[in-house]
Amino acid sequence: MSHDGVRLRAVMRSVVFLTAGALAVPTLASCGSDDESGKPLAAQDIAPAGRDLVADGGTLRWAVDDVPETLNTFQSDADDATTRVAQAVLPAMFRLDAQGRPQRDADYLESAKVVDTEPKQVVLYKLDQQAVWSDGREIGAADFAAQWRALSGKDSAYWTARNAGYDRIEKIERGASNLEVKVTFSRPYADWKALFSPLYPKDVMGTPDAFNDGARRKLKVTAGAFSVQKVDRKDKEIVLGRNPHWWGRPAKLSQIVLAAVPLDKRAAALADGSVDLAEIDPADASRIALAGRAKGTSTPLQGATPTGKDENKNESRQKKKLSKKERKALAKFLRQQDALRAFTVRRSLEPAYTQLALNGSEGPLADERVRRAVARALDRTELAKVVLKPLGLPAVPVGSHLALSGQAAYADNSGALGGQDTTEAQALLADAGWVPGGPVKDKGEKAAGSEGKKSRKSDDGAESEGGSDGQYIVGEDNKDPQDHTKKHGHGDESSKHLADGKQYDGRKVKQGGAPGAYAPKGTAAPADAKTGLLAKDGKPLALRFVLPSGTGSESLGAVADSISRMLEKVGIRTEITKVSDDSYFKDHIASGQYDLALYSWPASAFPATDARPIFAKPVPAADGSLNVEQNYTRVGTDQVDQLFDQAASTLDEDESAALVRKADARIWAAAGSIPLYQRPQLTAARRTLANAGSFGFQTPLYEDMGFLKKGAAPSASPTKD
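A brief report on the enclosed structure follows. (Residues numbered from 1 in each chain as written. Predicted model: local features only at pLDDT ≥ 70, side-chain atom pairs only at ≥ 80, totals over all residues. Heavy atoms only, no water.)

**Some points on the environment of glutamine 630**
And then number 1: The topology assignment puts glutamine 630 in the loop between strand E21 (626-627) and helix H18 (638-648).
And then number 2: The sequence separation of glutamine 630 and alanine 590 amounts to 40 residues, and the corresponding C-alpha distance is 8.1 Å. (Helix = DSSP H or I, 4+ residues; strand = E, 2+ residues; numbered from the N terminus.)

Put into structure tokens, the structure is as follows:
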């Protein structure tokens, strides 16, 4: 669930960042000042409390988007709820700390290290002697081998989402004892810590039928603090209970119920006691913050009348103006507000960032100079403020495509492209041939852009034939883009496929390599560029900006409006189109039917592996289509691909991180996507709930979550017990 737009379920499922990057261990000390990766911009907010302060027992009801279609995280339709179940019930060899870095999970591993590099890389895992599956069988080499065979990509009968890393394994064998697992790689693999997290039992991975169907609706054998007790699709919930065979610290909670609650219903669910913990959007966060104010305040609650004694007359007059239906709705709202006083909002930053994507496959943005001009026109700090400042979170723009501040591979490489500079942006556009006030073809002829969309209004403001109710155009008149009518459009049914290979070949676009990345030294911006919109060959410079329209997309709309105004200052007009959430990715982003778009990518502890498909250079497939993997901007270079490959094959961690940073600098220079801000993470939690909330990089230690004992209060930092 996202606070700033569509949750990229289809993308997240295909990328499957469900390696150790999804799991967590206790916080480590922060980096030194000489570490350019820095530290997380915001700390996690989970009301930490020592286990001695947390009561034994109780049921936590936790809102999720939906009951997952599968409990197998390695299948294409796995989602966030699948991840949450896996974290609670399955082993993970490595988990992330609060800085997004992998650490050994001592409940399962005594040690894991590279013991040989020549002639082959060999990793030796030494398992904890108490580590057993819930059926009593020891966790061992047979489980590792079954998972490798299922995910290696060599047997097409296994319906896997992807096989990154597992395809590099040559063999797995038992070590000196049953507690040792020896993994030999066919070629070096830097991200070996990403593997076997989570680890499924051989019962799930052993045969294609078990893999494909056996773990979709149930998990009979587990090895975590909790086990799966029930998957109830009728009541839309999953019940997790204590695992009696768990050898680690016993779970404080008796049960965790993952309940499916839509984003727009969560405030009501919190108020009526249906859930105790839920990620929420900024509007609901404001409601809860207001509800937390002391009774008797004269501050209105989301449009409700003041309740202070001195305002009784005003309140009475206002109530007389309301209809019976309105008075009933107001009374319900105020009852909910009273119930919401039992909750607080815990705030942090999600391990994901929102980017502006520029489709470089056709139109004006196929020219790198135009893409760079768009980037140089943006004040990324101001865009971050639009979303984060009202929430009280640090409004710092993201400086990397491949990591976030605090992670080992992070460095601010935005200097490879340059900061906001209107003059330079105008000069780049002039060098690309876009001039202010150029002759524009008559109404009805196609404008520049990915689909050549016609303008909604002619010069006199009348509606033009090609107009869309879901569009408004920034730069075509002086109307404030905030005043547009927000009607929802739908994608063309004919555009559900990926970009057509024949069109790609015919255009002969060199991805990320258009000449003239910088305006020649001394090129002056046109004198009237500050106010004149640009044109070339009779076509105005108009870019189609596609956005989702569903619940939670309001902040994306505000960011898009700000971007449009910034682009207008350098002569670029934008045509904003809002489409349904279901259509947004399938019919627009994945199929390339956009010029500009806003969507998010998760941060991974293993970018050399996980980020490569997102930035790989698209290549024509044998059937004539264009294979873009997850690179929906369709901008890539051979050099970036080579740096990813080198980073994934370099066993020295510092050298591998340096190669990832070099790749990121090249991605910035190609200007196919512009990272904007780390996404906000807002979680409503019952005030008595400890060790749960907005986790940041570090996902929960499920066994430590619970409700505070009577009279207890959260501590400044979690304690180990």
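**Focus: unusual backbone geometry**
And then number 1: Note that the residue after glutamate 118, namely proline 119, is joined by a cis bond; omega there is 0 degrees.
And then number 2: One can find proline 119 in the loop between strand E4 (109-116) and strand E5 (122-127).
And then number 3: A cis amide bond links serine 197 with the next residue in sequence, proline 198, at an omega value of 5 degrees.
And then number 4: Residue position: proline 198 is located in the loop between strand E7 (180-185) and helix H4 (202-205).
And then number 5: Notably, phenylalanine 196 is not glycine yet its phi reads approximately 60 degrees, a positive angle.
And then number 6: Relative to the elements of secondary structure, phenylalanine 196 occurs in the loop between E7 and H4.
And then number 7: Even without being a glycine, glutamate 629 presents a positive backbone phi close to 50 degrees.

**Focus on the side chain of threonine 184**
And then number 1: Tracing the sequence through the fold places threonine 184 in strand E7.
And then number 2: Overall, threonine 184 belongs to the buried group, its relative accessible area being 5%.
And then number 3: With residues near it in sequence (within four places) discarded, threonine 184 still touches Lys120, Gln121, Val122, Ile169, Glu170, Lys171 and Glu173. (Buried < 20%, exposed > 50% of the residue type's maximum accessible area, 1.4 Å probe, protein only. Contact = heavy atoms within 4.5 Å.)

**Observations regarding the packing of aromatic side chains**
And then number 1: According to the stated counting rule, one finds 20 aromatic pairs in the structure shown.
And then number 2: For the ring pair tryptophan 62 and phenylalanine 695, a centre distance of 6.3 Å and an interplane angle of 45 degrees mean the geometry is tilted. Here tryptophan 62, found in strand E1 (residues 59-64), pairs with phenylalanine 695, found in the loop between strand E23 (689-690) and strand E24 (706-707); they are 633 residues apart in sequence, far enough to count as distant.
And then number 3: A residue is classified by how much of its surface remains accessible, and tryptophan 62, at 5% relative accessible area, is buried.
And then number 4: By relative accessible area, which is 9% here, phenylalanine 695 ends up buried.
And then number 5: With 4.8 Å between their ring centres and 40 degrees between their planes, tryptophan 246 and tryptophan 247 make a pair best called tilted. Tryptophan 247 carries the same exposure label as tryptophan 246, and that label is buried.
And then number 6: Geometry around tryptophan 62 places arginine 84 over its ring, the cationic atom sitting 4.2 Å from the centre. (Phe/Tyr/Trp six-rings, centres within 6.5 Å; stacked < 30°, edge-to-face > 60°. Lys NZ or Arg CZ within 6 Å of the ring centre and 35° of its normal.)

**Regarding the pairing of strand E6 (residues 169-174)**
And then number 1: Across 5 bridges, the pairing between E6 and E7 is antiparallel. Looking at E7, one finds that isoleucine 169 is bridged to phenylalanine 185.
And then number 2: Here E6 folds back onto E7, and the loop between the two strands holds 5 residues. (Pairing = 2+ DSSP bridges.)

**Examining the sheet that holds E7**
And then number 1: Ordered by their spatial adjacency, 4 strands build an open sheet running E4-E5-E7-E6, and the pairing between neighbours is antiparallel. Every interior strand has two partners, whereas the edge strands, E4 and E6, have only one. Strand-to-strand twist in this sheet, taken as the mean axis angle between neighbours without regard to direction, amounts to 15 degrees.
And then number 2: Contacting E5, E6 and E7, helix H3 (residues 141-151) crosses the sheet at an angle of about 160 degrees to E6. (Axes fitted to C-alpha atoms, helices over the stretch in contact; angles between N-to-C directions.)

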